[in-house]
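Descriptive structure summary
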Amino acid sequence: MSTMNTVGRPTTPNRVESKPATLTGGRGLLQDEHLIFESDGWGKTGVDLPEPKTDGSDLGGLVRKNPIGLPGLSEPETMRHYVRLSQKNHAIDLAIYPLGSCTMKHNPRLNEKIARLPGFSDIHPLQPTSTVQGALELMDTLAHWLKTLTGMPAVALSPKAGAHGELCGLMAIRAAHEASGQHEKRRKVLVPTSAHGTNPATAAFVGYTVVEVAQTEDGRVDVADLASKLGDDVAAIMVTNPNTCGLFERDILEISRLTHEAGAYFYCDGANFNAIVGRVRPGDLGVDAMHINLHKTFSTPHGGGGPGAGPVVLSEALAPFAPAPWVVHDADGYRLVEREEDEAAQAFGRLCAFQGQMGMYTRALSYMMSHGSDGLRQVAEDAVLNANYIKARLSDLMSPAFPDGPCMHEALFDDEWLKGTEVTTLDFAKAMIDEGFHPMTMYFPLVVHGAMLIEPTETESKQELDRFIEAMRALATAAKAGDVDRFKGAPFHAPLKRLDETRAARSPVLRWTAPEGSNIAAE
Ligand SMILES: *Cc1c(COP(=O)(O)O)cnc(C)c1O
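Reference entry: report on the structure contained in this document. (Residues numbered from 1 in each chain as written. Predicted model: local features only at pLDDT ≥ 70, side-chain atom pairs only at ≥ 80, totals over all residues. Heavy atoms only, no water.)

What about the overall build of the protein chain?
Secondary structure summary: the protein chain contains 13 helices and 14 strands in total. Relative to its length of 523 residues, the protein chain is compact, with a C-alpha radius of gyration of 26 Å against a globular reference of 24 Å. In terms of overall dimensions, the protein chain has a C-alpha envelope of 75 × 70 × 45 Å along the principal axes. Within the span of the protein chain, comprising 523 residues, buried residues form 46% of the whole. Counting only contacts in the protein chain whose residues sit at least 6 apart along the sequence, the fraction spanning at least 24 positions is 69%. (Helix = DSSP H or I, 4+ residues; strand = E, 2+ residues; numbered from the N terminus. Rg over C-alpha atoms; globule rule 2.2 N^0.38 Å. Buried < 20%, exposed > 50% of the residue type's maximum accessible area, 1.4 Å probe, protein only. Contact = heavy atoms within 4.5 Å.)

Description of unusual backbone geometry
Residue Pro242 is bonded to the preceding Asn241 through a cis peptide linkage, with omega at -10 degrees. Tracing the backbone shows Pro242 in the loop between strand E6 (234–240) and helix H8 (252–261). Following Ala324, the chain continues to Pro325 via a peptide bond in cis, the omega torsion being 0 degrees. Residue position: Pro325 is located in the loop between strand E9 (312–314) and strand E10 (326–330). For Leu29, which is not glycine, the phi dihedral falls at a positive 70 degrees. Considering the arrangement of structural elements, one finds Leu29 in the loop between strand E2 (10–11) and helix H1 (75–87). Exposure remark for Leu29: the relative accessible area of 88% places this residue in the exposed category.

A few points about the packing of helix H4 (residues 133–150) against helix H9 (residues 358–394)
Interhelical geometry of H4 versus H9 gives an angle of 45 degrees and a closest axis separation of 10 Å. Classified by the angle between their axes, H4 and H9 sit oblique to one another. The handedness of the crossing between H4 and H9 is left-handed. In this structure, H4 uses Ala135, Leu138, Met139, Thr141, Leu142, Trp145, Leu146 and Leu149 to contact H9, whose residues at the interface are Met358, Tyr361, Thr362, Ala364, Leu365, Met368, Met369, Gly372, Ser373 and Leu376. (Axes fitted to C-alpha atoms, helices over the stretch in contact; angles between N-to-C directions. Parallel < 35°, antiparallel > 145°, perpendicular 65-115°, else oblique. Left-handed = near helix turned anticlockwise from the far one by under 90°.)

Examining the site of the ligand
Around the ligand lies a shell formed by Ser101, Ala161, Gly162, Ala163, Glu166, His196, Thr198, Asp269, Ala271, Asn293, His295 and Lys296. Measuring from a nitrogen atom of the ligand, one finds a side-chain N or O atom of Asp269 at 2.6 Å. At a separation of 3.0 Å, an oxygen atom of the ligand approaches a polar side-chain atom of Asn293. Computed on the free molecule, the ligand has an accessible area of 380 Å², of which 86% lies beneath the protein chains in the complex. Sort the elements by how many residues they give to the shell around the ligand and helix H5 (residues 162–179) lands first, with 3 residues. Broken down by class, the residue content of the shell around the ligand amounts to 3 nonpolar, 6 polar and 3 charged. (Near = heavy atom within 4 Å. Polar contact = N/O pair within 3.5 Å; in protein donor to acceptor, adjacent residues only side chain to side chain. Areas by Shrake-Rupley, 256 points an atom, 1.4 Å probe, with all protein chains shown as cover. Nonpolar A, V, L, I, M, F, W, Y, C, P; charged D, E, K, R; others polar.)

Digging into the nonpolar core
Formed by 57 residues in total, the largest nonpolar core has its most connected members in Leu142, Leu146, Leu294, Phe298 and Met368. Only H4, strand E5 (209–213), helix H7 (223–229), E6, H8, strand E7 (265–269), strand E11 (333–337) and H9 provide two or more residues apiece to this core. With 11 residues, H9 is the largest single contributor of residues to this core. The residues contacting Phe298, other than those within four sequence positions of it, are Leu146, Leu149, Phe273, Val277, Ile292, Asn293, Ala364, Tyr367, Met368 and Leu376. In this structure, Leu394, Met398, Leu465 and Leu475 belong to the second largest nonpolar core, which totals 31 residues. (Core = buried A, V, L, I, M, F, W, Y, C linked by side-chain atoms within 4.5 Å.)

Description of the pairing of E5
Bridge count between strand E4 (residues 188–192) and E5: 5 bridges; the pairing is parallel. Bridged to Val189 within E5 is Val210. For the crossover that starts at E4, traverses helix H6 (residues 198–205) and ends in the parallel E5, the hand is right-handed. (Pairing = 2+ DSSP bridges. Right-handed = clockwise from strand over helix to strand, strands pointing away.)

Topic: the sheet that holds strand E14 (residues 452–454)
Spatial ordering of the open sheet is given by E12-E14-E13, a layout of 3 strands whose pairing is antiparallel. Since the sheet does not close on itself, it has two edges, and those belong to strand E12 (411–413) and strand E13 (441–442), each with one partner. As judged from the 3 bridges shared by E12 and E14, these two strands associate in the antiparallel manner. In the sheet register, Leu412 faces E14, and the bridge partner there is Leu453.

Description of the pairing of E10
Sheet topology note: the E10/E11 ladder contains 5 bridges and is antiparallel. Along E11, the bridge assignment pairs Trp326 with Val337. Between the end of E10 and the start of E11, which pair antiparallel, lie 2 residues.

Re the layout of surface pockets
If you roll a probe as big as a water molecule over the atoms, it shows you where there is empty space left. Reported here for the largest pocket is a volume of approximately 1700 Å³. Along its surface, the largest pocket is lined by 39 residues, and Arg27, Lys88, Ala494, Pro495 and Leu496 are the ones closest to its centre. Those elements giving two or more residues to the lining of the largest pocket turn out to be H1 and helix H10 (425–434). The residue inventory of the lining of the largest pocket, partitioned by class, reads 18 nonpolar, 11 polar and 10 charged. (1 Å grid on protein atoms, 1.4 Å probe; cavity = no way out; pocket = protein on both sides within 12 Å on 5 of 7 lines; lining within 4 Å. Points joined across faces, edges and corners; volume = space filled by probe spheres on them.)

A short note on the state of the cysteines
Enumeration according to the criterion identifies 0 disulfides in this entry. The cysteine Cys268 is free of any disulfide, with Cys168 supplying the nearest cysteine sulfur at 15 Å. The thiol of Cys352 is not disulfide-bonded; the next cysteine sulfur, from Cys168, is found 9.9 Å away. Using a relative accessible area of 12% as the deciding quantity, one classes Cys352 as buried. (Disulfide = S-S within 2.5 Å.)

Set out below in structure tokens:
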């Protein structure tokens, strides 16, 4: 039996209850895959080497007595293990990845090609600078682009993520207050209720007391509340702009004026820079420090556990306290300023052992140069257009959290529209997985009940957006029509079904143990 699906292609209705479980755990050419420790590779080796001479060990009594605890897989076995695991992951190369606040845009392959050039990829951070002049020039050029795009005079490239950049910014702010003898009395950092969790966490980590600032009905910082909390005991404010509700802070100039009048610094969380890049320069808004997630705005991979990069641009007032190292260019070429006895006398220290994430610098600059300044401006315009398209096309079925006016680069819905359906935001998100779509960000920002935060980015075509929208509309219609079963146990089609997330968080099992009675020699 065949019908037409929502995008007009013939489809076979997928009746969950009529599907028998498979006998092997595999599904449609996807094999079930066990942990590598559980594979049958014990007692063999994947390589063919001559027998080692047993009397030649230099390790004396230190030779290990137990097996190493890894199976000896051959190359094809190893390849298959990791490729099978990779098939279980969602990837931006497979479909839209609408996680709000994460800016999951396409990673252009040109970036990858440039990052693999041997002059960038085969160098060592301890090489004499005379042998890596090209790499230093690249860092200097990236710094130039970041300063130009933000209208800020200095940048610290080395932080390795947005959160690390927040740490960098607040440490520079603390160093500035220490230098002016005000650190002892300025112990507070003001953070709006809608902030990303890393903001208060960073402030607390640097030793500050976090004070919350209220939000107005229309999703912006409550300026009157902020003004009432600003004083000579405040070190800084941390404000995201556009904020985590996907809205531009219209009072941003007033916010920065009040902050500076109180002698505090303005830390801007720049994770949402994609919405304004090329159009607004944060320096013109009075920002003193802002991290830029290269893995968001500038298309470098978020990488499953791999490196990101979170350079921090700094105002004139904070620039002297920037962490080492940084690149300078003089008559002798490019060099790194690293030591106190050089120009880094006031630097608050360093944030990492070496120079930061060279591979991310290379990809980000490749992205910037291939777009040019006009292309980057178009990035922001198209990202905002795509989010507004989604907002407009879903607002008749779902309830936008802030219906009045356009959004910036992400569309935020609450769960008002699910009232009376028995379906929750979590159920809805899990049902999206069954339909082939990675869920949007859920339950963030905390100020919006049952939040669903959708960030399409500019790299989705109208066709891809329509596909996503049609799936959302079909699910929303099913929820409203009382098709609760479709949601309550979802996902039905994923390798793992609904997990007990509370138990996973409360009693996580972080260590693999060999099954009872097995002869697997794990250590
Ligand atoms: C992503 C994000 C961060 C943290 O950045 P990481 O690179 O993940 O450490 C901070 N604030 C906001 C608003 C974000 O979206």
